[in-house]
Amino acid sequence: MPAHSLRHLTSPVTDAAQRVGSTPPAPARLALAGATLPLVGSARVYVCGITPYDVTHLGHAATFVWADLLASVLDGTGVDVATCRNVTDVDDVLLEAAARRGSHFDELAVTQEAVFDRSMRELRVATPAHQPRARHYIDAVVQLAAVLLDRGAAYEREGTVWFRGQDSAARSGLDRDRALGLSAAYGDAPDDPAKDDPFDVAVWRPSSDQQPAWPSPWGWGRPGWHAECAAMALAVHGPSVDVLVGGDDLVFPHHAYQVAMAEAASGVTPFARAQLHVGEVRVDGAKMAKSTGNLVLVDDLLQHVSAAALRLHLLHRRYDEPWDFDAASLDDAQQLLEALYAAAARPGSGDPAAAVEPLRADLDVPSAVAAALDLGGEAARRLITQLRLG
Ligand code: ZN
């Protein structure tokens, strides 16, 4: 068939023919946390998920709603987004919580996961493409440990495989005392005399009789937390991701070590093209924590406010700034939501894409909402869809 007759076909070939000589589309890209990410075809997001031992509080919800918005905005640029959000179902805090309740850690994890999933559905968080559970990736952790040993990034001592972490601490930009304090707070035991350096962390470690254990070349044991996420990310997404997401309490030590282990194992740097760390949600200036008894639970809030209003309340701010929760401000979120719906219902003006454009510049929701309220019509409808408030 002569080339000129292609234009008479009604098929994707026709579309391809029409593309010849046409204006190039706007390049897909997202500016995020100081990085600009040109996007071609697909994007991989890794979200550090829950340790399922407690019901979903507003701090958890904020992280996962922002991760969901990131996925929605990436999707809006026309690329295929694959989000991986893990479940840390092998972890000492889960074991301790189960022991306190007198239940098996498996049972506690499954029950709490169900509660978490329900809260996420209510908040319109799309189900991630991948939801790996740590216990299903034990072999990947063993492989990771073997590779790190082979590359000289780890050493084995009495059944523990230690990752050499001195550089990770140095690269974090934290002063030494602060880094040591955080390592201790997150269970990395900087004072353990068994290791060469206080900043070395366990990739694999022996289990006691009361702790779950799997076979490994170094004896029966279980993975370290940072190694679990490194192994799951490598197994699901390969040697790098586009965006690594978590609460800002994960910056150090968790993400620092996850990244360092992945890079040391794969040789691919950077492991993450960008990192999205979500600001802490506080109550009266204090971090929300079970130990301080100040948890604000998503289930409780949804008795008083619509899920869409709560979602908008979480998103209508800078993602990386800590903020104080104040129940009275939920009414403001409800009013703002209703104003957005009213804007969507009226005839619009201006460029309909103008309201979603700020989202591609560091997820600037307040500017996007202001533009949608100003332009109305299709611009507001597009934003409502992108924020999943419809
Ligand atoms: Zn993680």
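The rules behind the values
- Starting afresh in each chain, residues are numbered from 1 along the sequence in its written order.
- The predicted origin of the model limits local features to residues at a pLDDT of at least 70 and limits the giving and counting of side-chain atom pairs to 80 or more, whereas totals for whole chains, interfaces and linings rest on all residues.
- Remark: hydrogens and water are excluded; side-chain values derive from all non-hydrogen atoms of the structure.
- As a per-residue measure, pLDDT reflects the predictor's confidence and takes values from 0 up to 100.
- By the convention used here, residues are in contact when the closest approach between their heavy atoms is within 4.5 Å.
- Labels follow the DSSP assignment, with helices taken as runs of H or I lasting at least four residues and strands as runs of E lasting at least two, numbered in each case from the N terminus.
- Metal donors: N, O and S atoms at distances within 2.8 Å, or within 3.2 Å for Na, K and Ca, with water omitted from the atom set so that some sites may seem incomplete.
- A 1.4 Å probe rolled over the protein chains alone gives each residue an accessible area, and that area as a share of the maximum for its type sets the label: buried under 20%, exposed over 50%, partly exposed in between.
- Between the rings of Phe, Tyr and Trp (Trp by its six-membered ring), a pair exists once the centres lie within 6.5 Å; its type follows the angle of the planes, with under 30 degrees stacked, over 60 edge-to-face, and the other angles tilted.
- Criterion used throughout: strands pair if DSSP finds at least two bridges between them.
- Segment limits for the domains were obtained from an automatic or database-derived domain assignment.
- By definition, the buried area sums, over both parts, the 1.4 Å-probe accessible area that each loses when the two are put together.
- Each salt bridge in this description consists of a side-chain nitrogen of Lys or Arg and a carboxyl oxygen of Asp or Glu lying within 4 Å of one another.
- The definition of a polar contact used here is a pair of N or O atoms within 3.5 Å, where within protein one atom must be able to donate a hydrogen and the other to accept one, and adjacent residues in sequence count solely through side-chain atom pairs.

Enquirer: So what's going on with the confidence of the model for the protein chain? Residues and values would help.
Expert: Any segment with low pLDDT has predicted coordinates that should not be analysed in fine detail. For the protein chain, the mean per-residue pLDDT works out to 92, and 96% of the residues sit at or above 70. Between residues 1-9, whose pLDDT stays under 50, and residues either more than four places distant or in other chains, the model counts six contacts.

Enquirer: Let's hear about unusual backbone geometry: which residues, and what values?
Expert: The peptide bond linking F252 to P253 adopts the cis configuration, its omega dihedral lying at 5°. With respect to the helices, strands and loops of the structure, P253 is situated in helix α9 (residues 251-266). With an omega of -10°, the peptide bond running from T269 to P270 counts as cis. Looking at where P270 falls in the secondary structure, it is placed in the loop between α9 and β10 (272-278). The phi dihedral of R124 falls on the positive side, at around 65°, and the residue is not glycine.

Enquirer: How would you explain the coordination of the zinc ion if you had to name every residue and give the values?
Expert: The coordination sphere of the zinc ion, as far as protein atoms go, consists of C48 (SG), C229 (SG) and H254 (NE2), spread over 2.0 to 2.1 Å. All donors to the zinc ion come from one chain, and their sequence spacing reads C-x180-C-x24-H. Of this pair, C48 sits in the loop between β3 (42-47) and α2 (58-76) while H254 sits in helix α9, placing them 206 residues apart in sequence. The pair formed by C48 and H254 is uniform in burial state, with each residue classed as buried.

Enquirer: Can you lay out the packing of aromatic side chains for me, pointing to particular residues and giving the numbers?
Expert: According to the stated counting rule, one finds five aromatic pairs in the structure shown. Their ring planes at 65° and their centres at 5.8 Å tell us that W66 and Y319 sit as a pair that is edge-to-face. Residue W66 is located in helix α2, and its partner Y319 is located in the loop between α11 (307-315) and β13 (323-324); the two are separated by 253 residues in the primary sequence. With a relative accessible area of 3%, Y319 lands in the buried category. On the numbers, 6.5 Å between centres and 85° between planes, the contact of F163 with Y257 is edge-to-face.

Enquirer: Now, about the pairing of β3: what can you tell me, with residues and values included?
Expert: Pairing analysis gives six bridges linking β3 to strand β4 (residues 80-85), with the strands arranged parallel. Paired with A43 across the strands is V81, a residue of β4. Sheet topology note: the β3/strand β9 (residues 241-247) ladder contains three bridges and is parallel. Note that in β9 the partner of Y46 across the bridge is L244.

Enquirer: Any chance you could break down the domain arrangement of the protein chain for me, citing the residues and the numbers?
Expert: Per the domain assignment, the segments making up the protein chain are domain 1 (41-327) and domain 2 (328-390). Here domain 1 and domain 2 share an interface that buries about 2,300 Å² over both sides, 62% of which is from carbon and sulfur atoms. Looking only at domain 1, the three residues that lose the most surface to domain 2 are V73, L312 and H316, adding up to 24% of its buried area. At the boundary of domain 1 and domain 2, one finds two salt bridges. Linking domain 1 to domain 2 there are 14 residue pairs in polar contact (both at pLDDT 80 or more). Secondary structure elements with two or more residues in the side of domain 1 that touches domain 2: α2 and α11.

Enquirer: Explain the pattern of salt bridges to me, using residue names and the numbers behind them.
Expert: Counted by the stated rule, this structure contains 16 salt bridges. With a shortest N-O distance of 3.3 Å, R318 and D362 are connected by a salt bridge. Taken as a pair, R318 in the loop between α11 and β13 and D362 in the loop between α12 (329-345) and α13 (365-375) lie far apart in primary sequence, 44 residues in all. Its relative accessible area of 32% is what places R318 among the partly exposed residues. In this structure, a network of salt bridges that share partners links the residues R44, D242 and R273.

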